[in-house]
Amino acid sequence: LIVVNPYTCYWIYSGMEPLAAAGVAFFAVIAATRKVPSTRSFLAGCVLAGISPLMRPEMIFLGALLALPLVGQWRRLGSSPAAKAAAFAGGLVLLCAPVALWCLYSLHAFGHMVPNTNAAKRAAPGDSVVERLLSVYSLGFPLILCGVLAGVATVVRRSSAVRGSIGDAVASALGRSSEADSRGLPLAGWIFIAWTAIAAVFYVANHTYVQTRYVLVTAPGLMVVVMALFLMASARTGRVLYFTGLAAALAVSVVVVRPFVRNKGINCQVTRDFAMFMRDHIPPDAPVAVYGIGQLVFDSGHAIVDIGGITRPEAIPYLNSPPDILRWAQSAGAQYYITDHPPERGAVIVYSADLPFVGWTLHTSRYAMSGPTEIWKLPPSPEGLQQAEGSRSAEP
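Per chain, residue numbering runs from 1 following the sequence as it is written. The predicted origin of the model limits local features to residues at a pLDDT of at least 70 and limits the giving and counting of side-chain atom pairs to 80 or more, whereas totals for whole chains, interfaces and linings rest on all residues. Heavy atoms throughout the structure, all of them, feed into the side-chain values; hydrogens and water do not.

(A) Looking closely at the sheet that holds strand β1 (residues 288-290). Pairing is mixed across the open sheet formed by five strands, whose spatial order is β2-β1-β3-β5-β4. Both edges of this open sheet fall to β2 (304-306) and β4 (348-356), since each of them pairs with a single strand only. With direction set aside, neighbouring strand axes in the sheet form an average angle of 20°. Relative to strand β5 (residues 370-377), strand β3 (residues 336-339) runs antiparallel, the two sharing four bridges. The residue of β5 that forms the bridge with Ile338 is Ile375. In this analysis, two residues are considered to be in contact whenever any of their non-hydrogen atoms come within 4.5 Å of each other. Every axis corresponds to a line fitted to the C-alpha atoms, with the helix fit spanning only the stretch in contact, and the corresponding angles, defined between N-to-C directions, vary from 0 to 180 degrees. Counting from the N terminus, the helices are DSSP H or I runs at least four residues long and the strands are E runs at least two residues long. Against the sheet, helix α12 (residues 235-281) contacts β1, β2, β3, β4 and β5, and its axis sits at roughly 165° relative to β4. Strand pairing is assigned whenever DSSP detects at least two bridges linking the two strands.

Written as C-alpha cells, this is what we have:
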C-alpha cells in the first residue's frame, strides 16, 4: 500500500525528504516501544527521536511523544544504578542535542528558530485547511478517512473499551506493564494516531497550505495502523478494504502520477532554459524576482529576489497581494520579474516559454494543457527614478 501510493510514486523521484522521514518514524517507534528493552535499543530510540525533527518540522511532535515510552524503557533496564544513570544522561543528550544545536544555528543564521516554511506556506486567508486536508487524504489515503469514520463510530458505541485500550497503552509507555492488552491497540499504534492528530491540529492552527508531501510523513504509519485495526475487527472485511485500497492507489498512480511526472520533467527542462537565458542575457547585477527559486538559483547562479518568502521572510506579509509583493520586490532591488501575466504597466517581455500543467487532479485532460510563463523587465520604480535623478543632480 505504501509503495504503490500515488504520493510515494510522485515524491520518490524528487529527492525530497518525506519518504525518508516516514521510514525514520517507523524505526523510531519500533525502537521506543520494544517489549524487552536494552541499553542499545533505548539509545537507538533516543537517537532516532532526536534526529527526526531535523528531517521534517512535524516530527518534533513525534519526538515529544516518544519521550514517554523511552522513559518507560529506561525504567525497565536491568542494569546497575550507575549504568542506568549513564544511559539516562546519554539518552537525554541524544534526544535533545540535535534540535538544540539546530535552534542555535537557525537563530544565528536567520534570526529566529521557527523554519521559514511554516510561515511562508500558509493558505490564503479565505481557504479552509480542513477542506484541504480532506482533499489530500481522499486522493492519496482514502483508507485513513474510512478508518477515521470507523474510529468515531467505535468511540460512540464502545467508549469504555477504547478508554481501556488507551489506558493499557499508557501503562505500557510508563513501563508499568511489559505489553498492552492483546485485545486492544498496541502502544505503537496509539503513537501514530496521536502524532497524526497533533500534526493536523498544528496545520489548522498555523493555517498551513497542506501539501501532499506533508501528509506523506505521517500517513504511511497511520495507514498501517488503520489496516491492522480493520483486520483485527474482521479479517474478511480487512482483506476487501486492502485490495480495494491497493487497486485505488494503483489506478491513481497510473492515471495521474504518470502524466504528472512526465510534465514535471518537461517543466524542469523549460526552467533550465529560463536559467540559461538569465545567465547569458540578463546583467548579473540585475536581480530577478521569482516565486519558485530552487532550480533557477542552482542553474543560473543569478541574483534572485525570493518572492515566496523562504529565504526572504520579510516578503511573507505580502504573499497574498500581488501589487504589494511586486512593490516589495522592487524595493529589494528586483529589475526583472517571472510570472504568467504583466506584473505592472510598462513591463516588457524579454523571454517566454510554455510550461505544462503540474498538479494533482483527476481531470487528466489538464495534463495536455500548458500556459505561458515570462520574464518581464520592470520599468524603473519611483524610488529608483528618484535615486537616479538625485545622482544626476549631484554630478558637476
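Text resumes after the structure shown.
(B) Quick peek at the confidence of the model for the chain. As a per-residue quantity, pLDDT reports the predictor's confidence and falls between 0 and 100. Counting all residues, the mean pLDDT for the chain is 87, and 89% of those residues have values of 70 or more. Below pLDDT 50 for its whole length, residues 178-182 participates in eight contacts with residues either more than four positions away or in separate chains. Across residues 384-396, confidence stays below pLDDT 50; counting only partners more than four residues off in sequence or on other chains, it has one contact.

(C) Main features of the nonpolar core. Counting residues in each nonpolar core, the largest one holds 32 residues, and the members touching the most others are Tyr7, Tyr137, Phe141, Ile144, Tyr203, Val210 and Val215. Mapped onto this core, the elements with two or more residues apiece are α1 (6-11), α7 (129-140), α8 (142-157), α10 (187-206), α11 (212-233) and α12. Looking at this core, the element that brings in the most residues is α11, giving nine residues. Joining through side-chain atoms within 4.5 Å is the link that ties buried Ala, Val, Leu, Ile, Met, Phe, Trp, Tyr and Cys residues into a set, and such a set is a nonpolar core. Residue exposure (1.4 Å probe, protein chains only): buried if accessible area is under 20% of the type maximum, exposed if over 50%, otherwise partly exposed. With 24 residues, the next largest nonpolar core counts Val24, Cys46, Leu62 and Ile191 among its residues.

(D) Summary view of the pattern of salt bridges. Any Lys or Arg side-chain nitrogen located within 4 Å of an Asp or Glu carboxyl oxygen qualifies as a salt bridge. Applying the stated rule across the entire model yields six salt bridges. Ionic pairing is found between Asp280 and Arg279, a salt bridge with its closest N-O pair at 3.2 Å. Overall, Asp280 belongs to the partly exposed group, its relative accessible area being 48%. According to the relative accessible area criterion, Arg279 is partly exposed, its value standing at 48%.

(E) Broad picture of the pairing of β5. Bridge analysis of β4 against β5 gives eight bridges, and the strand direction is antiparallel. Looking across to β5, one finds that Ile349 is bridged to Trp376.

(F) Spotlight on the side chain of Ser300. Counting through the fold element by element, Ser300 comes out in helix α13 (residues 294-300). Given the relative accessible area of 9%, Ser300 is considered buried. Of note is the side chain of Ser300, whose polar atom sits 2.5 Å from the backbone oxygen of Leu296. Under this definition, polar contacts are N or O atom pairs within 3.5 Å; protein pairs additionally need one hydrogen-donor-capable and one acceptor-capable atom, and for neighbouring residues in sequence, both atoms have to be side-chain atoms. Engagement of the side chain of Ser300 in a polar contact is seen with the backbone nitrogen of His302, the distance being 3.1 Å. The contacts of Ser300, once residues within four sequence positions are left out, are Ala275, Met278 and Arg279.

(G) Region of interest: the packing of aromatic side chains. Aromatic pairing here means that ring centres of Phe, Tyr or Trp (its six-membered ring) are within 6.5 Å. Orientation follows from the plane angle: under 30 degrees is stacked, over 60 is edge-to-face, and everything else is tilted. According to the stated counting rule, one finds 19 aromatic pairs in the structure shown. A centroid spacing of 6.3 Å and a plane angle of 45° characterise the contact between Phe192 and Trp195, whose relative ring orientation is tilted. Highlighted residues: Phe192 and Trp195, both in helix α10, separated by three residues, approximately one helical turn. Under the relative-accessibility criterion, Phe192 is labelled buried at 6%. When the centroid spacing of 5.1 Å and the interplanar angle of 85° are considered together, the rings of Phe260 and Trp360 count as edge-to-face. Of this pair, Phe260 sits in helix α12 while Trp360 sits in the loop between β4 and β5, and the two are 100 residues apart along the sequence.

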